[in-house]
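Residue-level listing of the chains:
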Amino acid sequence: MSVSKMKNRWIALYVENQVGVLAKVSGLFSGKSYNLQSLTVGTTEDETVSRMTISVLSDDRTFEQIKKQLNRMVEVIKVVDLTQVPIHMKEILFAKLLGLDEAGKEEAFRIAQVFGVDVADIGEDSVLLECKLTERRNNELIDLIKERFKNSIEVVRGGAVAIESISTSCR
Amino acid sequence: MNMTGRRLFLKALQEEGVEMVFGYPGGYVTDLFDELYRQEGIRLVLPRHEQGLIHAAEGYAKATGKPGVCLVTSGPGATNLVTGLADAHYDNVPLVCFTGQVPLELIGNDAFQEVDIVGMTRSITKYGVTVRNREDLGRIIKMAFYIASSGKPGPVLVDIPKDIQLASGDPEYPESVQIRGYKPASGVHVGQLKKAYKLLKSAKRPLILAGGGVNISGANELFQELVETMRIPVVTTIMGKGALPTDHSLYIGSCGMHGKYAANMAVMECDVLFSIGTRFNDRITGDLSEFAPKASIVHIDVDTAAISRNVEVDVPVVADAGTALEKLLEWAEKMDTVAWQERIEEWEKEYPLGQRRDRGMTPQMILEEVNREFPTGFLVTDVGQHQMWAIQFSELGPNRRLITSGGLGTMGFGFPAAIGAKLGRPEQDVVLITGDGGFQMNMQELATAVCEKLPIIICVFNNQYLGMVRQIQQLFYGKRYAHTCLRRRLGCPLMCKGPGADCPPYTPDFVKLAQSFGAYGARVEKAEEIAGALAEARTHTDAPTVIEFLISSEELVLPMVKSGHAMNQMILS
C-alpha cells in the first residue's frame, strides 16, 4: 500500500443552508478521525446554499476518501477540490499586543508596515493588528510577534476563506 | 382545503403503498396512532420494545425489498431505535423511521421526553431531519422514502414535533422530489467496465468475490448466468451468501475470518479478484498487506466511497451490481479454468468443513436437518457462533435466503427480524437460528409473535455460554471465561475453567418461557430427536415454536483466522 505525504489540502463545499448540516460535516471529520485544520462557513449569493472552506491535513488516499464521504451526504451539493487550482485565499486575524512600552509600540507599527496589515486600534500600552493575509503569512506573523512580545498577546483567527481565481496567475 | 399534519402523514403512507407499520405509542405520537387506528389499509404491528421493533422492520425490509416503516415516540422511544438504525445503516436496509418530538417551542428546554434524536443519529442514518415547518412535511416524507430505497439503501429518520402533526397546511403529497445534493449512481462507465472485463479475461486463476450488493440489487440470476458462462469460481462474504446457490459446482464458500479453507486459499492464490458489492470489511481481508497478495483487484460497487477505502484496487467501477452484470453478460465468454478449479477442489478435500459426528449432537447436524425440513423460505440468524455455523452449513439460493446482521453484528437482531420477515412474507417458512445469549436480548418479542399468530420456528442453540467470545477466551485468553458463562451465579468460584457437575442450573427454562407466552416449547438433547422436533414444529400453524437444542459448550467455529492476521493463517482444529 502506498503511503503518500501528509499535506494541507483545501476544499470548497456547497451545502444546503439548513439546521444541522454544519454538525453533520464536522461530525464526519471527528467520527472518522480526519484531521480538520480549519472550517469556515457562510451563506452564498443564494441564501439556500452555504459555502464552506475546509482545510485538512491528510495523505492522498485519506483526502480522496474525505471528498467521497462528503459527496455522498444528501445535504452536500458540490465538493470542489481547491488544492490544485489557482485560488484567492485569505484569513482574517486579530492580534492584540499588550503591555507595550514606547519602543514596543514602534516595533508593532514596523511589523504592521512590513506585513501590510492594519493597526485597527491603539491604547496607552497596547496595539490591535487586523490582518487579512494568507493562513501561512498569518502563521509567520504570529511566530514573529510571539517571539518579540512574549506572554502579552491575544490572537483570534477566523479560518481561511477561499475562492477560485478569475485569472490563472494568482494563488 | 387545508389538511392537518397528522392526516397528511397518513396520506403519505397510503400513497407510498405502505402496508405495514411497526409502531410503539407514546405521548408525542398519539395523534399519528389515532390516524392509523381509524383506517384499514395499513396494518400496525406492536412489538414489545422499540429495539425489537426496528429489527422487525429490518427483517420485513430484507424479506420484501420494501422499506420498513417505524413509528415511535420521542425521547426513549427514539433512543431505543439507535442500535437498529446503526445495523440498518451498516447492512444497507431501507427504513423510514418516524419519531415524535416535543413541540417546536419546547425544543431545547429539556422538556419531558425530549432528545435530539436527529443529532444523535447523524452518523448512522442515510438522512435525518426534524420537520420545522408544516409546509415541508409532505416533501420531507417523500424525500425519506426516496432516499431510503434508492442508490445504496439505508435508514432515514424523520422527526415530527407534536405541533407539526396538528398544524393545518397544504394537503398535497408530492409525486416526486428533486434533491440537488443526492444523485444515486445510475448506469455504468462502460470503458472502465470493459477494462475490468479484459483483466478478468486475462486471468489464469480468476476468482469472483460477491458481497451483499449482489443480493440487495436482486441480481442473483444475472450473476449466476455470468458465472456459468465464464466458468469462474465464486467466494462470497457473509452478506453475499446465496448470491450463487450454495450447492452450485462453482461455489466454493464464504471467505474471511470463519470462511472455508478452500475459499480463503483461493483468495490468497487467485491472480484476478473480481469483486462485486463488498466493502472489504476487515473480517474478510484480515491483514490488509497480505490480502489477495497475488491478485489484481477489480471492485464494482454502487458507493464511490466504498472503493479504494480499505483495499487499493486496480480497476474501480462505480455501478449497481445488476447494471454492471447486465453489461458484462454482453461480453462474457467462456474461460478455461479447469486446472484452477482442480486446485480449489484439492483444498476442499484437504480441509472440508465439518464437525465431528462421534460426540453427540452438533450444530452441523441440526442445520442439516433444518435444511431438509425447511428447504425454502427464509433462514434468519442472530449473531455469534450459531450464525457462523448457519452460514457454513446452510443451503441457500433463490428459494431460500439468509437474513442476518453482518456489519454491526447486533445480538438481539435475529428474533425480531424473523418476526418482520414472516409478517412481510407470511406464505414462506421462516426459521430462526439463534443463540441462548442473543435470544435473551429480545425474547420479549415472543408476545408479538404470539399475538400476530406467527408460526416461526425458533431454534435456540444453547451452549450455556456467550460462545463466540468464549471461543476467543478459550483459544487466546488461557481459558479465562470472563463473564461469558450464562449459568454463572453469585457464589460461583472466581476463576472457572469450564462447566462441571456442580454448576447451577441454566436460567431461563426456554420451554416454560415459550409456554408462558402462549408459544410452543420443546427441548432437544440428542441427534435422533432433531428431525422429529422440527417436523412437529412444522405442524404448528397458529403460534411460534421455540426449540431449545442443548449443544456442547466446547464446540468451536472453525476454521478461524485471528483478528488482523493473514487469511491463510487459519486455525483448523
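Residues numbered from 1 in each chain as written. Chains lettered and ligands numbered in written order. Predicted model: local features only at pLDDT ≥ 70, side-chain atom pairs only at ≥ 80, totals over all residues. Heavy atoms only, no water.

## Comments concerning a negative patch on the surface
Put simply, the rule is: Patches here: salt-bridge-free residues with over 30% relative accessible area, like charges joined within 9 Å, nonpolar side chains (Val, Leu, Ile, Met, Phe, Trp, Tyr) joined within 5 Å. Accessible surface area values rest on a Shrake-Rupley calculation with a 1.4 Å probe, where residue burial reflects the displayed protein chains alone. By definition, a salt bridge exists where a carboxyl oxygen of Asp or Glu is found within 4 Å of a side-chain nitrogen of Lys or Arg. The charge count includes Lys and Arg as positive and Asp and Glu as negative, but it does not include His or the ends of the chains. One atom stands in for each charge, and that atom is NZ of Lys, CZ of Arg, CG of Asp or CD of Glu. Helix and strand assignments follow DSSP, with helices taken as H or I runs no shorter than four residues and strands as E runs no shorter than two, numbered in order from the N terminus.
On the surface, B:E15, B:E135, B:D170, B:E172 and B:E175 cluster together into a negatively charged patch. Inspection of the secondary structure puts B:E15 in helix 1 (residues 5-15).

## Here we look at the domain arrangement of chain A
Residues and elements named next belong to chain A. Stated precisely, the cut-off is as follows: Domain ranges listed in this record stem from an automatic or a database domain assignment. When checking whether two residues touch, look at their non-hydrogen atoms; a contact exists if any pair is within 4.5 Å. A quick way to say it: buried area is the sum, across both parts, of accessible area lost when two parts are put together, with a 1.4 Å probe.
Under the domain assignment used here, chain A contains domain 1 (7-81) and domain 2 (87-164). Spacing between the C-alpha centres of domain 1 and domain 2 amounts to 28 Å. Listed as interface residues are six residues of domain 1 and, on the opposing side, nine residues of domain 2. Surface buried jointly by domain 1 and domain 2 totals about 650 Å² across both partners, of which 52% is contributed by carbon and sulfur atoms.

## Structural notes on the sheet that holds strand 8 (residues 153-164) of chain A
Residue and element names in this part refer to chain A. To keep things clear, this is the line we draw: Being paired, for any two strands, means DSSP has found at least two bridges between them. All axes here are fitted lines through C-alpha atoms, helices being fitted over the stretch that makes contact, and every angle between N-to-C directions spans 0 to 180 degrees.
One open sheet holds the four strands; their spatial order is 6-7-5-8, and the pairing between them is antiparallel. Here the strands that pair on one side only, and so sit at the sheet edges, are strand 6 (118-122) and strand 8. Here the average twist between neighbouring strands, direction ignored, is 15°. Two strands pair when backbone bridges link them, and strand 6 and strand 7 (residues 127-133) are joined in this way by four bridges, in the antiparallel orientation. Paired with D118 across the bridge in strand 7 is E130. Contacts between helix 3 (residues 102-115) and the sheet are confined to strand 5 (87-97), strand 6 and strand 7, with strand 7 contributing the most and set at about 10° to the helix. Sitting on the sheet, helix 4 (residues 135-148) touches strand 5, strand 7 and strand 8, and the angle it makes with strand 8 is about 165°.

## What to know about the domain arrangement of chain B
Residues and elements named next belong to chain B. In terms of domain boundaries, chain B breaks down into domain 1 (3-169), domain 2 (190-350) and domain 3 (363-560). If you average the C-alpha positions of domain 1 and of domain 3, the two centres end up 31 Å apart. Between domain 1 and domain 3, the contact holds 25 residues from the first and 26 residues from the second. With both chains or domains summed, domain 1 and domain 3 bury close to 1,900 Å², and 60% of this area falls on carbon and sulfur atoms.

## Focus: the environment of B:N310
All names here are of chain B. Test applied: Contacts described as polar in this section are N or O atom pairs within 3.5 Å, which, within protein, must combine one atom able to donate a hydrogen with one able to accept it, while residues neighboring in sequence count only if both atoms come from side chains.
Within the secondary structure layout, N310 lies in the loop between strand 13 (296-301) and strand 14 (315-318). Through-space distance from the C-alpha of N310 to that of A417 is 29 Å; in sequence the pair is 107 residues apart. At 2.8 Å, the side chain of N310 forms a polar contact with the backbone oxygen of R279. Of the polar contacts made by the side chain of N310, one reaches the backbone oxygen of F280; its length is 2.9 Å.

## Examining the sheet that holds strand 4 (residues 76-81) of chain A
All names here are of chain A. Within the open sheet, the four strands sit side by side as 2-3-1-4. Their pairing is antiparallel. For this open sheet the edge positions go to strand 2 (36-43) and strand 4, each flanked by a neighbour on one side alone. Strand-to-strand, the axes of this sheet are offset by a mean angle of 20°, without reference to chain direction. Judged from the seven bridges that link them, strand 2 and strand 3 (residues 49-58) form a sheet pairing that is antiparallel.

## Here's the deal with the packing of aromatic side chains
Applicable threshold: Only Phe, Tyr and Trp rings take part, Trp by its six-membered ring, and two of them pair if their centres are within 6.5 Å. Stacked means planes under 30 degrees apart, edge-to-face means over 60, and tilted covers everything else. Note on classification: 1.4 Å probe, protein chains only; a residue is buried when its accessible area is under 20% of the maximum for its type, exposed when over 50%, partly exposed between these limits. By the criterion adopted, a ring carries a charge over it if an Arg CZ or a Lys NZ lies within 6 Å of its centre and within 35 degrees of its normal.
In the structure shown here, the tally under the stated rule is 13 aromatic pairs over all chains. Ring plane angle 65° and centroid distance 5.7 Å describe the contact between B:F22 and B:Y60, whose orientation is recorded as edge-to-face. Of the two residues, B:F22 is situated in strand 2 (residues 20-23) and B:Y60 in helix 3 (residues 50-64); the sequence distance between them amounts to 38 residues. Here B:F22 and B:Y60 have matching classes, each one buried. Ring plane angle 55° and centroid distance 5.8 Å describe the contact between B:Y197 and B:W331, whose orientation is recorded as tilted. On the criterion of sequence distance, the pair formed by B:Y197 in helix 9 (residues 190-201) and B:W331 in helix 14 (residues 321-331) is long-range, its members being 134 residues apart. Like B:W331, B:Y197 is buried. Members of the aromatic cluster, each reached through a chain of ring pairs, are B:F415, B:F439, B:Y506 and B:F510. For the cation-ring pair, A:R137 lies above A:F115, with the distance from its terminal atom to the ring centre recorded as 4.1 Å.

## A look at helix 7 (residues 137-149) of chain B
Residues and elements named next belong to chain B. Here is the rule we go by: One less than the residue count of a helix, multiplied by 1.5 Å, gives the span that helix is expected to have.
Here helix 7 is 13 residues long and its end C-alpha atoms lie 19 Å apart, about the 18 Å a rise of 1.5 Å per residue gives. With respect to burial, helix 7 is a largely interior element, ten of its 13 residues being buried. For helix 7, every residue scored as buried is listed here: L137, G138, I140, I141, K142, M143, A144, F145, I147 and A148. Here the buried face of helix 7 lies against helix 1, strand 4 (68-72), strand 5 (95-101), strand 6 (127-130) and strand 7 (155-161). One or two steps after helix 7, the chain reaches G151, where phi turns positive at roughly 55°.

## Topic: helix 23 (residues 530-539) of chain B
Residue and element names in this part refer to chain B. Filter applied, for reference: Each C-beta atom gives one direction from the helix axis, and the arc is the one those directions make.
For helix 23, the set of buried residues is I530, A533, L534 and A537. Each buried residue of helix 23 sits inside an arc of 95° when the element is viewed along its axis, so together they form one side. Tucked into the core, helix 23 has its buried residues touching helix 16 (363-373), strand 18 (457-462), strand 19 (520-524) and strand 20 (545-550).

## Re the pairing of strand 9 (residues 206-210) of chain B
Residue and element names in this part refer to chain B. For strand 9, a buried count of five out of five residues is recorded, marking the element as mostly surrounded by other parts of the structure. The side-chain alternation of strand 9 yields two buried faces, one formed by P206, I208 and A210 and the other by L207 and L209. Here strand 9 runs beside strand 12 (residues 272-276); their pairing, made up of five bridges, is parallel. Paired with I208 across the bridge in strand 12 is F274. As paired strands, strand 9 and strand 10 (residues 234-236) are joined by three bridges and run parallel to one another. Its bridge partner lying in strand 10, L209 is registered against V235.

## Focus on the nonpolar core
All names here are of chain B. The test is simple: Take the buried residues of types Ala, Val, Leu, Ile, Met, Phe, Trp, Tyr and Cys, join any two whose side-chain atoms come within 4.5 Å, and each joined set is a nonpolar core.
Counting 51 residues, the largest nonpolar core has F22, F439 and I458 as its most contacted members. Tallying contributions element by element places helix 3 first for this core, with seven residues. Two domains each put at least three residues into this core: domain 1 (3-169) and domain 3 (363-560). The residues touching F22, leaving out its near neighbours within four places in the chain, are V45, P47, L53, A56, A57, Y60, V69, C70, L71, G420 and L423.

## Quick notes on a nonpolar patch on the surface
A grouping of A:I92, A:F94 and A:V156 is seen on the molecular surface, where their side chains present a nonpolar patch of about 230 Å² in accessible area. For A:V156, the location among the structural elements is in strand 8.

## Section: the side chain of B:Q464
Residues and elements named next belong to chain B. Within the element layout of this structure, Q464 appears in the loop between strand 18 and helix 21 (467-476). Reaching out from Q464, the side chain makes a polar contact with the side chain of R487 at a distance of 2.6 Å. Non-local contacts of Q464, meaning those with residues more than four positions away in its chain, are made with D436, T484, C485, L486, R487 and Y506.

## With respect to the pattern of salt bridges
Inspection of every chain in the model, using the stated rule, returns 40 salt bridges over all chains. The partner of A:K105 in a salt bridge is A:E102, with the nearest N and O atoms 3.7 Å apart. A residue pair is termed a helical-turn pair when its members lie 3 or 4 positions apart in one helix, as A:K105 and A:E102 do in helix 3 at three residues. A relative accessible area of 12% places A:K105 in the buried class. Residue classification places A:E102 among the exposed positions, given a relative accessible area of 53%. Note that B:K66 is salt-bridged to B:E19, the shortest N-O span being 2.9 Å. You can see B:K66 sitting in the loop between helix 3 and strand 4 and its partner B:E19 sitting in the loop between helix 1 and strand 2, a full 47 residues away along the chain. Within this structure, B:R6, B:R7, B:D31, B:D34, B:E35 and B:K162 form a network of salt bridges that share partners.

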